[in-house]
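What the coordinates show
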Amino acid sequence: MSPDRIPVIERIMGANDDLAAQNRRLLDAHHVHAINIMASPGAGKTSLILRTAQALQGRQRVAVVEGDVASSVDTDKVRAIGVPAVQINTGGGCHLDANQLRGALEQLNLDEADLLFIENVGNLICPVSFDLGEHTRVAIASVPEGDDKPHKYPGIYSAVDALVVTKIDLLPWIDFDMAEFQRLARSLNPDIRIFQLSCVTGEGIAEWVNWLLALAQTR
Ligand code: MG
Ligand code: ZN
């Protein structure tokens, strides 16, 4: 990178951080706890949001922001279960930024939400570099992706509060060393909370939901 490009990037990130701080103040003013969910494509982000929203029904009010390069298929699925959802299409962008989230927040009634799930664009690299104004960061890793991901993408494992290992119903058929995977994740992030669950069988959902309920109490 040429030296004159560095200040440009610093200005872009500085502007993003300012907008993220504004988003966080807006969310705080409405007592909404926001969770930024990051994972590779196909890890099961939307499935986890759907399953979680159903488990929280009648206990906490949920809203969802869906980030995708194109389409509104995920937003349609969330709205179909009666949960308010706003789509952000990045038009090729590989991550959400704070300005995009601000536009989505303007379209939601924040007085009618307790927990906001933000589904980031499927990507393990740059989403973690852009603060959106969320309170909690969660990474999802699915069993079929393999147990070596913390080696390859240390940035995201280092930067999240919690890690959700999904599709554990597939463990009998896939060579995935759960103990080694957790050891790798904790070597990068000693304080990380790790959940193991299956949106198909429901195993592990209750523990994850109880953690979210405790987070919602802090809003
Ligand atoms: Mg999705
Ligand atoms: Zn990106």
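Note: the structure precedes this text.
On a predicted model such as this, the values are computed, not experimentally measured, just so you know.

Looking at helix H3 (residues 73-80)
The set of residues buried in H3 consists of Asp74, Thr75 and Val78. Projected down its long axis, H3 carries its buried residues within an arc of 100°, all on one side. Where H3 is buried, its residues contact helix H2 (45-56), strand S2 (62-68), strand S3 (85-89) and strand S4 (115-119). Following H3 by one or two positions, glycine 82 adopts a phi angle in the positive range, close to 85°.

Thoughts on the coordination of the magnesium ion (ligand 1)
Each pair of donors in an ideal octahedron of six around a metal sits at 90 or 180 degrees, and each pair in an ideal tetrahedron of four sits at 109.5 degrees. The coordination sphere of the magnesium ion (ligand 1) contains the protein donors Thr46 (OG1), Asp74 (OD) and Glu119 (OE), at a distance range of 2.1 Å. Site description for the magnesium ion (ligand 1): donor spacing in sequence, T-x27-D-x44-E. Note that aspartate 74 is positioned in helix H3 and glutamate 119 in strand S4, a separation of 45 residues in sequence. Glutamate 119 carries the same exposure label as aspartate 74, and that label is buried.

Focus on the side chain of glutamate 134
Following the sequence through the fold, glutamate 134 ends up in the loop between S4 and strand S5 (136-142). A relative accessible area of 4% means that glutamate 134 is categorised as buried. Polar side-chain contacts of glutamate 134 include one of 3.4 Å to the side chain of asparagine 36. A polar contact is formed between the side chain of glutamate 134 and the backbone nitrogen of leucine 132, at a distance of 2.9 Å. Beyond its immediate stretch of four places on either side in the chain, glutamate 134 contacts Arg24, Ala34, Asn36 and Ile118.

A closer look at the pairing of S2
The side chains of a regular strand alternate, residue by residue, between the two faces of the sheet. Of all seven residues making up S2, seven are buried, and the element is well covered by its neighbours. Neither face of S2 is left uncovered, since the one carrying Val62, Val64, Glu66 and Asp68 and the one carrying Ala63, Val65 and Gly67 both have all their residues buried. For the crossover from S2 across H3 to S3, the handedness is right-handed.

Side note on the environment of glutamate 180
Relative to the assigned elements, glutamate 180 resides in helix H7 (residues 178-188). You can call glutamate 180 partly exposed: its relative accessible area is 27%. Note: C-alpha distance between glutamate 180 and aspartate 147 (33 residues apart in sequence) is 7.3 Å.

Here is what the cut-offs are and how they apply
Residues numbered from 1 in each chain as written. Chains lettered and ligands numbered in written order. Predicted model: local features only at pLDDT ≥ 70, side-chain atom pairs only at ≥ 80, totals over all residues. Heavy atoms only, no water. Buried < 20%, exposed > 50% of the residue type's maximum accessible area, 1.4 Å probe, protein only. Helix = DSSP H or I, 4+ residues; strand = E, 2+ residues; numbered from the N terminus. Arc of directions from axis to C-beta. Contact = heavy atoms within 4.5 Å. Donors = N, O, S within 2.8 Å, 3.2 Å for Na, K, Ca; no water. Polar contact = N/O pair within 3.5 Å; in protein donor to acceptor, adjacent residues only side chain to side chain. Right-handed = clockwise from strand over helix to strand, strands pointing away.

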